[in-house]
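Coordinate inspection notes
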Amino acid sequence: MAERCVFCKIINKEIPATIIDENEHCLVIEDINPKAPVHYLIIPKKHVVSLHDITPGDAQLMSELLFMAQKCATTLPDPKAFGLIVNNGPEAGQSVMHLHCHFLSGKKMTDL
Ligand code: AMP
């Protein structure tokens, strides 16, 4: 539920986070428990539960998330060296029920 969602609260600036970037479509924050030297979360401002729940009407939003990842990469020593992960559903490791992309860099994520 959006009102109780931790990412909605961060988006609404009700609770703090380290904000990396922001536009009208999405917010980028540092992950509070980083799994790589660079670990950002790219979060759509619209409360969408998971990738499973997107509709064709979310096409632009999804594209904005990817272009935001590309923009985040411009700040890296190597703008081509990053990974994006979306966990979909609790069984796959999703712990926050608001769609987000993990943006990871500085470590080879080869254990997938
Ligand atoms: P997932 O397990 O794919 O749903 O990822 C959720 C991520 O959100 C985890 O990597 C958490 O460390 C991160 N996280 C949870 N709460 C916060 C918070 N308040 N600020 C920043 N990152 C958070």
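Coordinates for the structure precede this section.
Overview of the structure. (Residues numbered from 1 in each chain as written. Predicted model: local features only at pLDDT ≥ 70, side-chain atom pairs only at ≥ 80, totals over all residues. Heavy atoms only, no water.)

Let's talk about the pairing of strand β3 (residues 38–44)
Which entries qualify depends on this criterion: Buried residues are those whose accessible area, probed at 1.4 Å on protein chains only, stays under 20% of the maximum for their type, while exposed residues exceed 50% and partly exposed ones sit between those limits. Note on conventions: DSSP H or I runs of at least 4 residues are helices, E runs of at least 2 residues are strands, and numbering of each starts at the N terminus. Strand pairing follows a simple DSSP-based rule, namely that at least 2 bridges must link the two strands.
Burial analysis of β3 places seven of its seven residues in the buried class, which makes it a mostly covered element. Burial along β3 is two-sided: Val38, Tyr40, Ile42 and Pro44 facing one way and His39, Leu41 and Ile43 facing the other are all buried. In this structure, strand β2 (residues 26–30) lies alongside β3, joined through five bridges in antiparallel fashion. Counted as the bridge partner of Cys26 is Pro44 from β3. For β3 and strand β5 (residues 101–105), the ladder comprises five bridges, and the chain directions are antiparallel. Looking across to β5, one finds that Val38 is bridged to Ser105.

Focus: the site of the ligand
The cut-off we apply is this: In this text, near means that some heavy atom of the residue lies within 4 Å of the molecule or strand in question. Under this definition, polar contacts are N or O atom pairs within 3.5 Å; protein pairs additionally need one hydrogen-donor-capable and one acceptor-capable atom, and for neighbouring residues in sequence, both atoms have to be side-chain atoms.
Residues in close proximity to the ligand total 16 residues, the closest being Asp31, Asn87, Gly93, Ser95 and His102. For the ligand, an oxygen atom lies 2.5 Å from a polar atom in the side chain of Asp31. Interatomic distance of 2.8 Å between a side-chain N/O atom of His102 and an oxygen atom of the ligand. Among the secondary structure elements, those contributing two or more residues to the shell around the ligand are α1 (6–11) and β2. Take the shell around the ligand: its biggest share by element is three residues, from α1.

Considerations on a nonpolar patch on the surface
To be explicit about the condition: Patch membership requires more than 30% relative accessible area and the absence of a salt bridge. Residues of like charge join within 9 Å; the nonpolar side chains Val, Leu, Ile, Met, Phe, Trp and Tyr join within 5 Å. Surface accessibility follows the Shrake-Rupley procedure with a 1.4 Å probe radius. Residue values consider only the protein chains on display as shielding. What makes a salt bridge here is a side-chain nitrogen of Lys or Arg within 4 Å of a carboxyl oxygen of Asp or Glu, nothing more.
On the surface, a cluster of nonpolar side chains totalling about 190 Å² of accessible area is made up of Leu51, Ile54 and Val86. Considering the arrangement of structural elements, one finds Ile54 in the loop between β3 and α2 (59–73). Exposure remark for Ile54: the relative accessible area of 30% places this residue in the partly exposed category.

Observations regarding the environment of Ile42
The condition that has to hold: Residue contacts are counted whenever heavy atoms from the two residues lie within 4.5 Å of one another.
For Ile42, the position within the fold is in strand β3. Looking at Ile42, the relative accessible area reads 0%, which means it is buried. When the C-alpha positions of Ile42 and Met68 are compared, they lie 7.6 Å apart, and in sequence the two are 26 residues distant. The residues contacting Ile42, other than those within four sequence positions of it, are Cys26, Leu27, Val28, Leu65, Met68, Ala69, Leu84, His100, Cys101 and Phe103.

Some thoughts on the pattern of salt bridges
Across all of its chains, the model carries four salt bridges by this definition. For the salt bridge of Glu22 with Lys13, the shortest nitrogen-to-oxygen distance reads 3.1 Å. Relative accessible area serves as the criterion here: at 33%, Glu22 is assigned to the partly exposed category. The closest approach of N and O atoms between Asp21 and Lys71, which form a salt bridge, is 2.8 Å. Of this pair, Asp21 sits in strand β1 (residues 19–22) while Lys71 sits in helix α2, and the two are 50 residues apart along the sequence. For Asp21, a relative accessible area of 17% corresponds to the buried category. In this structure, a network of salt bridges that share partners links the residues Lys13, Glu22 and Lys45.

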